[in-house]
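Architecture at a glance
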Amino acid sequence: MLELMDLSKRYKQFYAVKNMNMYIEKGEIVGLLGPNGAGKSTAISMLSSLIEPTEGDVLFHKKSILKNPSPLRKVIGVVPQEIALYEELTAEENLHFFGRIYRMSGKELRQKIDDVLKLIGLVDRRKDVVKKFSGGMKRRLNIGVALLHNPEFLIMDEPTVGIDPQSRSYILETVKRLNEEKGLTILYTSHYMEEVEYLCDRIYIMDKGNLIAVGTKDDIKEILSAEHTIHVEAELLNNDFIEALQEEPTIKETFVKDETITIIVPKEINVFQLITRLANETKVELKSVNVKTPTLEDVFLHLTGRALRD
Ligand SMILES: Nc1ncnc2c1ncn2[C@@H]1O[C@H](COP(=O)(O)OP(=O)(O)OP(=O)(O)O)[C@@H](O)[C@H]1O
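Residues numbered from 1 in each chain as written. Predicted model: local features only at pLDDT ≥ 70, side-chain atom pairs only at ≥ 80, totals over all residues. Heavy atoms only, no water.

What to know about the sheet that holds strand E11 (residues 227–234)
Counted only if it meets this: DSSP-based pairing: two strands are paired if at least 2 bridges between them are found. The way it works is that DSSP assigns letters per residue, a run of H or I at least four long becomes a helix, a run of E at least two long becomes a strand, and they are numbered from the N terminus. In this description, a line fitted to the C-alpha atoms serves as the axis of each element, helices being fitted only across the stretch in contact, and the angle between N-to-C directions of two axes falls anywhere from 0 to 180 degrees.
Pairing is antiparallel in the open sheet, where 4 strands are placed in the order E12-E13-E11-E14. In this open sheet, the two strands that pair with only one neighbour each are strand E12 (253–257) and strand E14 (286–292). Geometrically, the sheet is characterised by an average inter-axis angle of 20° between neighbouring strands, direction not taken into account. Where E12 lies against strand E13 (residues 260–266), 5 bridges are found, and the strand directions are antiparallel. Along E13, the bridge assignment pairs Phe255 with Thr262.

Details of the UniProt feature "domain: ABC transporter" (unreviewed entry) in the protein
What counts is decided by this rule: UniProt positions are given in the numbering used here, feature names are shortened, and annotations may be inferred rather than shown by experiment.
Using the residue numbers shown here, the UniProt feature "domain: ABC transporter" (unreviewed entry) corresponds to residues 2–233. Secondary structure within residues 2–233 divides into 36% helix and 30% strand; the distance between the first and last C-alpha atoms comes to 45 Å.

Concerning the environment of Asn142
Put simply, the rule is: Throughout, a residue-residue contact means that at least one pair of heavy atoms, one from each residue, lies within 4.5 Å. Within 3.5 Å is the distance limit for a polar contact, defined as a pair of N or O atoms, with the added protein rule that one can donate a hydrogen and the other accept it, and that residues adjacent in sequence qualify only through two side-chain atoms.
Inspection of the secondary structure assignment puts Asn142 in helix H5 (residues 135–147). Sequence separation between Asn142 and Glu108 is 34 residues, and the spatial gap between their C-alpha atoms is 20 Å. Residues contacting Asn142, with those up to four places away along its chain left out, are Val79, Pro80, Glu82, Ile83, Ala84 and Leu85. Reaching out from Asn142, the side chain makes a polar contact with the backbone oxygen of Pro80 at a distance of 3.3 Å. Side-chain polar atoms of Asn142 contact the backbone nitrogen of Ala84, separated by 3.1 Å.

Structure below.
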């Protein structure tokens, strides 16, 4: 349905997106994952024809959107990262305002506003002004605006940033339902691994403007198939232990977060023996050493040497 062909965006000498290739089939939820500044928003802006690429092309049903963006524009809904709502208007008034921009009116618009309010779980709050809403409710209304004109293809730019866990899971469930029940094609960008893992069949991972991994969840996890990801917990971590792990040549990556150390080692290494020895030498009391099923987060760590939320 949609294809990105060697798409690049350059600002002076700096490539925000470089040679990006991607396809999205009808009915899919595709994940675009990457840390802040990876180039996700720039890619989305190009593929939704908001900004022009420096090089490359975007094809919608095999036709370039650069020459003629209107067939795509008619069927996409974009949920921007920034909340775009009028604080002084009620939820209903906001939907009405944006519906009018989509040239909807009368009974059709009233019916659609009712449907959307139900879908985003804000029927009871329809008469409340947006400035009284929590961050999560604003995000949900932001999504509602993008759904007013019955889009076939929904682009969501980090729709769960900075919200409470309930709103987050509500949004994730809504995205799943929109796909399963209404057949909506969705491009979902996030820097949360677990969201993309939960929602998407196919995933593109970006870093510093480049795609660094592409495939199904299983394909991407396969990248780690020759390695184990181990989580090490200690009573009290000390720097000597961390340094010993970092300097150990058989350990590929060492990453410390709170009291847990994650390391990546080739499968053939007897990791329990190794860690116990290093802990003894540096006088660290181990709490647990667990081999984990690799997550996409581990894949990102493996590919870039950095955690996704650095
Ligand atoms: N108009 C612009 N001029 C110059 N540099 C830009 C411009 N827009 C984006 N960039 C740079 O391009 C890079 C990618 O930005 P982009 O917003 O696409 O990343 P992102 O993955 O969406 O991250 P975030 O989650 O922080 O929005 C960043 O380094 C950003 O500073």
